[in-house]
Amino acid sequence: MTSNLYRQYYGDFFPPASQHILNLLQRNLTKEKPVLELGFGCGHLLFSLAERGYSVSGIEIRRKAFEETQRKFAEAGFHDVRLFHSDFMDHNKEYDCIYTTGLLQCLDAGERLAMIEAISKRCRKAMIIVPEIKVDRNLNSRELRAVAGCPEYRTGNLGMEVYRFFPYVRMGRWNEEILELPDAFLYYVCVHLSGLTS
């Protein structure tokens, strides 16, 4: 459920996937402990957590997205939220939790492993949420890339990739019926922490 303040900046934009992600985050975050969203994009999840009193920060490499989100947060009065315009690989702050949605599948294999390792060194727990492209035999790889805006990525590899750096790995999936997404996509949720509430 979104508030009047949220709707002032984001209108009706809050897809079912975002609600599931927000619920998962709230079950596993502690309000007083620092949390980082890696690649916050338009900032709507970060905004929702800030509204609920979480100690959140965000990092975004795209200047336009960073500046637009920074403006919204300043106008909304979220002066305690720290936003960084930089590459996470150059970011050396530590957090209780780092979460990211829809970022890792945009990286090639080497970049993805380096990112997961960097995340593991900067937090106690992490939540990595990625969309899975359901391969349709009627779509070729080029068409899939055009639809998804990123290379085709099979999330089946993700568990093995993160297990190299995190001792506890739990994975779950929300299907397209729950998320009300087109048939071409599934949202795959991968959560890595001890004492997870799923």
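Note that the structure is a prediction, hence the values are computed from the model and not measured. (Residues numbered from 1 in each chain as written. Predicted model: local features only at pLDDT ≥ 70, side-chain atom pairs only at ≥ 80, totals over all residues. Heavy atoms only, no water.)

This part is about the overall build of the protein. When you go through the protein residue by residue, the secondary structure sums to 8 helices and 7 strands. Taking all 198 residues of the protein together, the buried fraction comes to 47%. The contacts in the protein between residues at least 6 apart in sequence include a share of 70% that link residues at least 24 apart. Of the accessible surface of the protein, which amounts to about 10300 Å², a share of 48% is contributed by carbon and sulfur atoms. (Helix = DSSP H or I, 4+ residues; strand = E, 2+ residues; numbered from the N terminus. Buried < 20%, exposed > 50% of the residue type's maximum accessible area, 1.4 Å probe, protein only. Contact = heavy atoms within 4.5 Å. Areas by Shrake-Rupley, 256 points an atom, 1.4 Å probe, with all protein chains shown as cover.)

On to the packing of helix H2 (residues 16–28) against helix H3 (residues 44–51), then. Between H2 and H3, the shortest axis-to-axis distance is 11 Å and the interhelical angle comes to 45°. Judged by the inter-axis angle, H2 sits oblique to H3. Crossing of H2 over H3 shows right-handed handedness. In this structure, H2 contributes Ser 18, Ile 21, Leu 22, Leu 25 and Gln 26 to the contact, and H3 contributes His 44, Leu 45, Ser 48 and Leu 49. Of the residues belonging to the contact of H2 with H3, the class tally is 5 nonpolar, 4 polar and no charged. (Axes fitted to C-alpha atoms, helices over the stretch in contact; angles between N-to-C directions. Parallel < 35°, antiparallel > 145°, perpendicular 65-115°, else oblique. Left-handed = near helix turned anticlockwise from the far one by under 90°. Nonpolar A, V, L, I, M, F, W, Y, C, P; charged D, E, K, R; others polar.)

Mapped onto the fold, Ser 57 is located in strand S2 (residues 56–59). When neighbours within four sequence positions are excluded, Ser 57 is seen to be in contact with Val 35, Leu 36, Glu 37, Leu 46, Arg 82, Phe 84 and Tyr 95.

Under the criterion given, the structure shown has 8 salt bridges. Residue Glu 67 pairs with Arg 63 through a salt bridge whose shortest N-O separation is 3.3 Å. Of the two residues, Glu 67 and Arg 63 are both situated in helix H4 (residues 63–76); the distance of 4 residues between them amounts to about one turn of the helix. Across the salt bridge formed by Asp 96 and Lys 125, the nearest N and O atoms sit 3.7 Å from each other. With Asp 96 in strand S4 (residues 95–101) and Lys 125 in strand S5 (residues 123–133), the pair connects residues that are 29 residues apart, well separated along the chain. Members of the salt-bridge network, linked through shared partners, are Glu 68, Arg 71 and Glu 75. (Salt bridge = Lys/Arg side-chain N within 4 Å of Asp/Glu carboxyl O.)

A few words on the side chain of Thr 69. Position of Thr 69 among the secondary structure elements: in helix H4. Assessed through its relative accessible area of 1%, Thr 69 is described here as buried. Those residues in contact with Thr 69, other than ones at most four positions away along the chain, are Phe 40, Gly 41, Cys 42, Gly 43 and Leu 83.

Read these as spatial facts, not as claims about activity.
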